[in-house]
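What follows is the residue order along each chain.
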Amino acid sequence: MLYSVGTEPTRLVSVPIGGGMRLHYHNLHSLLVNRHWHIVKRHITIRKLANALSCLVHYWMRREIVASRPLYVKVETTDCCNLRCEHCHDGTVTRRNDFLDFSMYTSVVDQYSRYLLEVSLFDQGEPLLDPLIVDYVRYASSCNIGTVISTNLSMTLSDEQLSQLVTSGLDYIQVAIDGVTQATYEQYRVGGDLDLVLFNLRRLIATRRRLGSRTPLIEWQMLDFAFNRAEQERASELAAELGADRFMIKPDSHSALLSPAGYSRQVKCILLWVSFAVESDGAVSACLVKDGDSLYVGDLRETSIQDIWNSPAFAKLRRCSGRACSEHPCRECNWFAGRAKTSPENRATTAR
Ligand SMILES: C[S@@+](CC[C@H](N)C(=O)[O-])C[C@H]1O[C@@H](n2cnc3c(N)ncnc32)[C@H](O)[C@@H]1O
Ligand code: SF4
Ligand code: SF4
């Protein structure tokens, strides 16, 4: 049996299943920490460590205005996409089809380059459709900041593009593949071509090998849906056969993670003290998990990032967080509450 059922969402059970593979059962928070650890250990410095401790102190002290700097930033370089997955087409995501002004990105990186551990270069679009994506990665890498992208990989890519991606310094790439047959895969990845994705994945792995590079770490990410459960075991085997470093099964956030919990949130979410997200039009959100205008804290077209980081809007969100305020946007979010609605199937496996 590939999966066992855990009752405690926060308990981690790790089971060797042969071939060097292990199964892990996590909640999403565990997965994120796990992934981030690979990046953090490559880019940590004494200054960054000191800043991380400072973030924790500010969080514990519930400071609204902080002297600490962000550890982690999510940057949506583009919100264009070639696919039409339900998550992005259910009306909750606004698609402007634009590209971030690169100078806004450099202004953020320059401001926090000595403190940032990681930049995620995607949000609600397909990062590999951005012709500047390698430049985004290189800029962060040149400042010793870790980088990660998630991609559907369902597009034509030249050998040169793959080589540039590998040599850019990119630390981690998630490839989203939700099935091992086209019929299953395209139930969620509408418009995607599974053969093309697997062809590109093989080439990416071969390119990394040919160039003798240890990076990027390559993850096959499979979203957990009832319709693809029968293919999850084969997908984990195929990931190992192809040479992917990790195979993850990620819960469908719409059914498991961010659905209204029906309780008043008492735990302050640490994200408000350590991170923010930049959207492709320059808008800044205090939260990198949840979409929506209610977490908007500023705009890089009008305000510098250091002013936004301690803006009245950001300070207000930190002040009210965890107080069960009826209007607080975090009220109905389960993330980091330690009691996420984790189904028994929320789990991950690691190949290698
Ligand atoms: C919106 S996508 C953008 C990046 C890229 N286009 C992709 O799909 O990988 C960002 C991440 O959200 C994931 N995602 C998409 N739909 C999801 C859902 N319903 N639940 C959880 N994660 C989801 C994707 O697999 C991807 O890792
Ligand atoms: S590929 Fe990514 S960005 Fe595009 S529609 Fe699907 S989840 Fe959204
Ligand atoms: S509680 Fe949820 S919505 Fe609020 S900052 Fe944390 S992840 Fe975002």
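Look above for the structure.
Attention in this report is confined to the structure presented alongside it.

Definitions and limits used
- Residues numbered from 1 in each chain as written.
- Chains lettered and ligands numbered in written order.
- Predicted model: local features only at pLDDT ≥ 70, side-chain atom pairs only at ≥ 80, totals over all residues.
- Helix = DSSP H or I, 4+ residues; strand = E, 2+ residues; numbered from the N terminus.
- Buried ≥ 20, exposed ≤ 12 C-beta atoms within 10 Å, placed from the backbone.
- Contact = placed C-beta atoms within 7 Å.
- Near = placed C-beta within 6 Å.
- Nonpolar A, V, L, I, M, F, W, Y, C, P; charged D, E, K, R; others polar.
- Arc of directions from axis to C-beta.
- Core = buried A, V, L, I, M, F, W, Y, C linked by C-beta atoms within 7 Å.
- Pairing = 2+ DSSP bridges.
- Right-handed = clockwise from strand over helix to strand, strands pointing away.

**Concerning the overall build of the protein chain**
Here is step 1: A count of helical and extended segments in the protein chain gives twelve helices and twelve strands.
Here is step 2: Residues counted as buried form 41% of the 352 residues belonging to the protein chain.
Here is step 3: Intrachain contacts of the protein chain at a sequence separation of at least 6 include 76% that bridge at least 24 residues.

**Examining unusual backbone geometry**
Here is step 1: For the peptide bond that leads from Thr 215 to Pro 216, omega is -5°, which places it in the cis range.
Here is step 2: For Pro 216, the position within the fold is in the loop between α7 (194-210) and β7 (217-224).
Here is step 3: Its identity is not glycine, yet Arg 62 carries a phi of approximately 55°, on the positive side.
Here is step 4: Inspection of the secondary structure puts Arg 62 in the loop between α2 (46-60) and β3 (72-75).
Here is step 5: Under the C-beta neighbour-count criterion, Arg 62 is labelled partly exposed, with 13 such atoms within 10 Å.

**Notes on the site of ligand 1**
Here is step 1: Taken together, 18 residues are adjacent to ligand 1, and His 87, Glu 126, Ser 150, Ala 176 and Ser 253 come closest.
Here is step 2: Here the residues of the shell around ligand 1 are counted per class, giving six nonpolar, nine polar and three charged.

**Re helix α12 (residues 312-320)**
Here is step 1: Phe 314, Leu 317 and Arg 318 are the residues of α12 that are buried. Each buried residue of α12 lies within a common arc of 95° when the element is viewed along its axis, so the set occupies one face.
Here is step 2: Check the buried side of α12 and you find it contacts α10 (271-274), β11 (296-299) and α11 (305-309).
Here is step 3: Positive backbone phi, approximately 85°, marks Gly 322, located one or two places after α12.

**Overview of the nonpolar core**
Here is step 1: Val 73, Leu 121, Val 175, Trp 220, Val 278 and Ala 286 are the most contacted members of the largest nonpolar core, which totals 77 residues.
Here is step 2: When neighbours within four sequence positions are excluded, Val 175 is seen to be in contact with Thr 151, Leu 153, Leu 201, Ile 218, Glu 219, Trp 220 and Gln 221.

**Digging into the pairing of β3**
Here is step 1: In β3, alternate side chains face the same way, and those of Tyr 72 and Lys 74 on one face and Val 73 and Val 75 on the other are all buried.
Here is step 2: With three bridges connecting them, β3 and strand β4 (residues 118-120) associate as parallel partners. The residue of β4 that forms the bridge with Val 73 is Val 119.
Here is step 3: Relative to strand β9 (residues 275-278), β3 is paired through four bridges, and the arrangement is parallel. From the neighbouring strand, Lys 74 faces β9, where its bridge partner is Ala 277.

**Some thoughts on the pairing of strand β5 (residues 146-151)**
Each regular strand displays side chains that alternate between the two surfaces of the sheet.
Here is step 1: Here β5 lies mainly inside the structure; five of its six residues are buried.
Here is step 2: Pairing of β4 with β5, which is carried by three bridges, proceeds in the parallel orientation. Residue Val 119 lies in a different strand from β5, and its bridge partner there is Thr 147.
Here is step 3: Each parallel crossover has a hand, and the one from β4 via helix α4 (residues 133-142) to β5 is right-handed.
Here is step 4: Pairing of β5 with strand β6 (residues 172-176) involves four bridges; the strand directions are parallel. Paired with Ile 149 across the bridge in β6 is Ile 173.
Here is step 5: In this region the chain leaves β5, passes through helix α5 (residues 159-167) and returns to the parallel neighbour β6; the handedness of that crossover is right-handed.

**Digging into the environment of Asn 82**
Here is step 1: Within the fold, Asn 82 resides in the loop between β3 and α3 (102-112).
Here is step 2: Given 14 C-beta atoms within 10 Å, Asn 82 falls into the partly exposed group.
Here is step 3: Separated by 108 residues in sequence, Asn 82 and Val 190 place their C-alpha atoms 9.2 Å apart.
Here is step 4: Those residues in contact with Asn 82 that lie beyond four places of it in its chain are Glu 126, Leu 129, Ser 154, Met 155 and Gly 191.

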